[in-house]
Each structure stands twice: as structure tokens, then as C-alpha cells.
Amino acid sequence: MFHETQAAGPPVFSVVVPCYNEELGIDEFHRRISLVMDGLGRSWEVVYVNDGSADGTLIRLEALRSADPAVGLVNLSRNFGKEIALTAGLDHARGEAIIVIDADLQDPPEVIPELVTVWESGYDMVYAQRRAREGETWLKKFTANQFYRTMQRVGGVRLPQNTGDFRLLSRRALDALLLLREHHRFMKGLFAWVGFPSQAVLYDRAPRHAGSSSWNYWRLWNLAVEGITGFTLMPLKIATYLGLGVALFSLFFGGQLVLRTLLFGNRVPGYPSLMAVVLFLGGVQLMTLGVIGEYLGRVFNETKKRPLYLVERAIPSQVSLLPQAQ
Ligand code: UDP
Ligand code: MG
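Please read all numbers here as calculations on a predicted model, not as lab measurements.

Rules of the game
- Residue numbering note: each chain is counted from 1, following its sequence as written.
- Lettering for chains starts from A, numbering for ligands starts from 1, and both go in the order in which the items are written.
- Local features in this predicted model are restricted to residues of pLDDT 70 or higher, and side-chain atom pairs are both shown and tallied only at a pLDDT of 80 or more, whereas totals for entire chains, interfaces and linings draw on every residue.
- Water and hydrogen atoms play no part in the side-chain values, which are based on all heavy atoms of the structure.
- Put simply, DSSP marks the helices as runs of H or I at least four residues long and the strands as runs of E at least two long, and each gets a number from the N terminus on.
- Computation of the radius of gyration draws on C-alpha atoms alone. For the globule rule, the value is 2.2 Å times the number of residues to the power 0.38.
- Under the scheme applied here, a residue whose accessible area is under 20% of the maximum for its type counts as buried, over 50% as exposed, and between as partly exposed, the area being computed with a 1.4 Å probe on protein chains only.
- What makes two residues a contact is simply this: any of their non-hydrogen atoms within 4.5 Å.
- We get accessible surface area from the Shrake-Rupley algorithm with a probe of 1.4 Å; when it comes to residues, only the shown protein chains can shield them.
- Just so you know, the count uses Lys and Arg for positive and Asp and Glu for negative, and it drops His and the chain ends.
- Throughout, a charge is located at the NZ atom of Lys, the CZ atom of Arg, the CG atom of Asp or the CD atom of Glu.
- Any carboxyl oxygen of Asp or Glu that lies within 4 Å of a side-chain nitrogen of Lys or Arg is treated as forming a salt bridge with it.

Draft legend 1. Layout of the overall build of the protein. Helix and strand content of the protein: 10 helices and 8 strands. The C-alpha atoms of the protein give a radius of gyration of 26 Å, which is well past the 20 Å a tight globule of 326 residues would have. Viewed in the frame of its principal axes, the protein has a C-alpha envelope of about 100 × 40 × 35 Å. Across the 326 residues that make up the protein, the buried fraction comes to 42%. For the protein, contacts bridging at least 24 residues in sequence account for 85% of all contacts bridging at least 6. A total of about 17400 Å² of accessible surface is found on the protein, and carbon and sulfur atoms cover 63% of it. The centroid of the 33 positive side-chain charges in the protein is displaced by 11 Å from the centroid of its 31 negative side-chain charges.

Okay, structure coming up:
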């Protein structure tokens with residue numbers, strides 16, 4: 001066992017970093033995060049989650065782990081996706097304040113001292129908000145914007161605009177967040193759902209340092225569907241009212257047809273309108289079934305009650321065994 005005076009309990013800060021194919025950038029990331037965290041002058045650990053990387057990320061992380069006792073490592077059994085990798089890291093974080101940051105240096109670690117200052121003034125959730133989006137196409141900016149607006153209008157949770165997962169959480173906010181064990185994890189929405197006094201800190205987002213983003217438009221679209229279906233039943237309501245609207249329209253249209261036939265006889269045109277109505281109704285029905293299916297699929301996934309992730313290996317940081325810097 002270690003010496004008693006050295007057993008100083010959990011660190012003040014935990015930095016949680018999901019990593020997927022980050023072998024090129026991870027050393028530089030660790031150098032920069034260490035500089036910033038050391039500058040805070042209090043005990044800290046960093047929990048790296050290897051999310052089933054296909055490159056040498058795990059080897060790089062193991063090297064970091066053996067060189068620096070502040071490093072903790074959680075190796076997932078396969079790739080589970082960023083949101084779940086992040087959750088795994090949060091489950092393993094022991095700090096009083098927990099900082100969530102990407103490994104690709106798009107979230108500049110130099111913003112962390114500002115997050116900490118706001119946390120110290122009594123906020124539970126300090127999120128970093130992008131001032132500008134460099135290195136991103138107008139299409140990505142536009143779609144992102146539209147998504148935030150839709151979520152705000154129909155989602156029932158207020159998602160702060162231009163905000164990713166880069167943020168600081170107090171221990172009580174994190175404990176609350178960890179109560180939410182749903183499989184379809186739309187983290188931005190979950191963060192917002194938790195509530196607690198929240199505050200934004202503005203920063204400039206940099207283009208990726210190394211490697212390439214694993215997000216393409218298909219994955220972003222799926223993320224948006226996740227956000228909508230996870231937080232609102234609005235699409236189901238829209239389907240209901242669409243059905244109601246179409247039914248009402250058909251009633252009048254049908255009535256008008258019957259009347260016309262009675263008054264003027266049947267001159268058998270009608271084929272185009274018949275086709276139009278049949279195709280339209282078929283489309284509406286398929287779409288509505290699809291919407292119901294989206295929700296049903298999610299219910300199916302949740303009822304299986306599988307664990308969120310599987311850990312191949314978890315090595316905690318050694319911070320609590322070190323003499324404290326405080
Ligand atoms: N990431 C992960 N699992 C995945 C995809 C990404 O852990 O399946 C990590 C990745 O290593 C990075 C962060 O999540 O630290 C953000 O990923 P990325 O930069 O690709 O996304 P973007 O910045 O475009 O949102
Ligand atoms: Mg990124």
C-alpha cells in the first residue's frame with residue numbers, strides 16, 4: 001500500500017477525452033492539455049477512452065500512461081461511437097469538476113482556465129461556445145443552424161447554439177447526467193436536460209490539427225434524427241395532423257365528386273386525379289409508418305437493456321497516490 005500522507009483522495013479536475021483513430025494528434029494533445037492543467041496548480045487527471053481505434057491510438061495511449069501517472073485509460077471492446085465513448089469516460093472520471101474535450105485539438109485546451117473560473121463562481125455547467133466556425137463549409141454551417149433552430153422550437157430543451165461537447169461539469173451535474181442511461185444518447189440534449197446553473201464561455205474553434213473528421217453528412221443527419229426522436233414526439237403529432245388534414249381534404253374532394261356525378265353524370269375522366277390521390281396517400285402512409293418505425297426501433301433498442309458499452313481494460317490514473325500540488 002502507498003504511504004498515508006500521499007493518499008490524497010480524488011483529483012480536483014478530470015479531463016475526459018474520447019479517442020477514435022487519433023494516433024497522429026494524441027501526443028500533441030497530451031502535451032498541450034498537460035501544460036494547461038499544470039498551470040491551474042491543482043491536482044488533475046486525464047481519462048482517455050480508446051473507442052476501438054483501428055490505428056495505433058491504443059499504443060500511443062499506453063505509452064502516455066506509462067510516462068505520466070496523471071493518465072487514466074479506458075479501452076472499449078470495440079468502436080461504440082463518440083457519445084458512448086464519452087459516457088464511458090465520464091463513468092470513470094473521479095474529479096470534482098469534469099472537463100469534456102475532443103482529442104483533435106479543435107477544442108483549444110487553453111480555454112479551460114476560463115471554464116474553471118466560471119465554475120468557481122458557482123456554475124455547474126460551463127459550456128464553451130464557438131465564436132466562429134473556421135474550416136467548415138457554408139452547407140455544414142447552414143444545416144447545423146437549421147438543426148439548432150428546430151430543436152429549440154420542437155425539442156422542449158434549449159440547446160445552446162454553436163456548442164459542442166466541450167464543457168466543464170460540476171460533480172453534481174455529472175452525477176445527474178450519469179443517471180440517464182438511455183442507449184440513444186444525444187449528448188447535447190442530455191446536457192441541456194440536466195439543467196443546473198449554466199454559463200457560456202466564448203472561444204474560436206480551430207480546424208482539425210491532424211487526421212480527418214469522422215463525421216460525414218449521413219452521420220450528422222442520423223445525429224439530428226437522434227436528437228429529434230430522443231427529445232420530442234412532434235413528428236408523431238405531425239403525422240397525426242397530416243393524416244387528419246388529408247382525410248378532411250378527401251372528404252370534401254369526394255363529396256364534390258359525388259355531387260358532380262349526380263348533377264352532371266359521369267363522363268369518366270378522373271384517371272389523373274385518381275392516380276394523384278392514390279400516390280399521394282401512399283406516400284403519406286409510408287412516411288408516417290417510417291416515423292412510427294423510428295420511434296418503435298428506439299423502444300426496441302431500449303427494452304433490450306444491454307450495457308451501454310463493454311470495457312476491455314480500464315487503468316485508473318495514479319493521481320490520488322501522488323503528493324498533491326495544492
Ligand atoms: N470519436 C470517438 N468515437 C467515434 C468518433 C469520434 O471517440 O466513433 C472522438 C474523436 O476521437 C474526437 C471526438 O470524438 O476526439 C470528435 O470526433 P471528430 O473530430 O471526428 O468529430 P467533430 O469534431 O467533427 O464533431
Ligand atoms: Mg473534431
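Draft legend 2. Looking closely at the pattern of salt bridges. Scanning the model with the defined rule gives 14 salt bridges in all. R42 serves as the salt-bridge partner of E120, at 2.1 Å between the closest nitrogen and oxygen. Residue E120 is found in helix α4 (residues 112–120), and its partner R42 is found in the loop between α1 (26–39) and β2 (44–50); the two are separated by 78 residues along the sequence. Judged by relative accessible area, which is 48%, E120 ranks as partly exposed. Between E294 and R298 there is a salt bridge, and its shortest N-O distance comes to 2.8 Å. With a gap of 4 residues between them, E294 and R298 both fall in helix α10 (residues 271–303), about one helical turn apart. A relative accessible area of 14% places R298 in the buried class.

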